[in-house]
Amino acid sequence: MELRQLQYTLQIAEEKNFSRAADKLHIAQPSLSQQLSKLEQELGVKLFQRNTSAVELTYAGESFIEHARKIMDAVKELRQEMDDISQLRAGRVVIGSMPITGSHLLPYVLPAFKAAYPDIDIILREDTSLNLEKLTAGGGTDLSLLSLPLQEPTLTYEPIGEEPIELAVPPQHPLASQSANRSGVSLKQLKDEPFIVLKKGQGFRKITIDLCHQAGFEPNVVFESNNIETVQSLVAAGMGITLVPHFIARAKRSELIPVYLPLSNPAPSRTLVIAYRKGRYLSKAAEAFIETFKRILAERYNS
């Protein structure tokens, strides 16, 4: 059994198609089929059921893929550890990020990291929280910027900061006049308000709904969007209210600006984390990225 055969089998399982798998591997399809047949003969089992429309894993194939992924991860980690030991300052870190949160924080973090580690390449992948968790669990990213709670049990994380959650209301809303009230608005006051929230699959939607439930009511959701910027625009236009993470509240230079109000004690917040797969070896570059993120966030928002 050869490592390349494990790689080939993993690619077939991912693509569920020999032609696409061969293209991704940059080999001819007959060569791919030949290597798989050779592997199946050696193992004495069929790994895939082939038909005209799809390629599906057999029971033996599912077990093989589980172990093959662990072996390939171990090989990758061994190579990375050897690179670190040899003190090669070249490397790569694949970072996953929630698009809007990342757009407000990464412009401060990435330049600082690049200045300190100019030879480390950063690859950025942006997606919804749910998709990022799956991507990170599958090894598609080394690290991902997410917020608690995480839904994927195979992930662990390092907290990087607490982000206050604020109430956003239209400028003409009766509560807008309380912007100078430091005691904040009680969530219970919002039970009859129309809410604009993010669509399912986005972590902050769950935080919003859970906070309303903790306050004793089911939010009256009148509109949903995939984008927190759209949500804020609709609030500013008078269509409803919403909860907003502090770091992504709009600057005053924006055209459509809601009024942001603090929520009363205990003021809610969300915990931002850098998540990665449990048991995954973190390269020195990945550890340096986490430390850089923590430092920049502390300097910018906690000073």
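Relevant structure appears above.
Residues numbered from 1 in each chain as written. Predicted model: local features only at pLDDT ≥ 70, side-chain atom pairs only at ≥ 80, totals over all residues. Heavy atoms only, no water.

S.K.: Tell me about a nonpolar patch on the surface, and please be specific about residues and values.
M.R.: A surface patch of nonpolar side chains, amounting to about 240 Å² of accessible area, comprises Met1, Leu43 and Val45. Topologically, Val45 is positioned in the loop between helix 3 (29–43) and strand 1 (48–50). On the basis of relative accessible area, Val45 is assigned to the partly exposed category, the value being 35%. (Patch = residues over 30% accessible without salt bridge, like charges linked within 9 Å, V, L, I, M, F, W, Y side chains within 5 Å. Areas by Shrake-Rupley, 256 points an atom, 1.4 Å probe, with all protein chains shown as cover. Salt bridge = Lys/Arg side-chain N within 4 Å of Asp/Glu carboxyl O. Helix = DSSP H or I, 4+ residues; strand = E, 2+ residues; numbered from the N terminus. Buried < 20%, exposed > 50% of the residue type's maximum accessible area, 1.4 Å probe, protein only.)

S.K.: Provide a residue-level description of the packing of aromatic side chains, including the pertinent values.
M.R.: What describes a pair of aromatic rings is the distance from one ring centre to the other and the angle between the planes of the rings. In the structure shown here, the tally under the stated rule is four aromatic pairs. Seen from their ring centres, Phe113 and Phe289 are 5.4 Å apart, and the 70° between their planes marks the pair as edge-to-face. Taken together, the residues Phe113 in helix 5 (residues 99–116) and Phe289 in helix 9 (residues 284–301) connect sequence positions 176 residues apart. Since its relative accessible area comes to 0%, Phe113 is described here as buried. Between Phe195 and Phe217, the aromatic rings sit 6.3 Å apart at their centres with planes inclined by 40°, giving tilted as the arrangement. In this pair, Phe195 is assigned in strand 7 (residues 194–198) and Phe217 in the loop between helix 7 (203–214) and strand 8 (220–225), connecting sequence segments 22 residues apart. By the ring-pair criterion, three or more aromatic residues cluster together here, those being Phe113, Tyr117, Phe289 and Phe293. (Phe/Tyr/Trp six-rings, centres within 6.5 Å; stacked < 30°, edge-to-face > 60°.)

S.K.: Quick one: what's the story with the side chain of Arg270, residue by residue and with numbers?
M.R.: As for its position among the elements, Arg270 is in strand 11 (residues 269–277). A distance of 2.6 Å separates a polar atom in the side chain of Arg270 from a polar atom in the side chain of Glu163. Sequence-distant contacts of Arg270, defined by excluding residues within four places in its chain, comprise Met98, Thr101, Ser147, Gly161, Glu162, Glu163, Ile165, Phe204, Ile207 and Pro245. (Polar contact = N/O pair within 3.5 Å; in protein donor to acceptor, adjacent residues only side chain to side chain. Contact = heavy atoms within 4.5 Å.)

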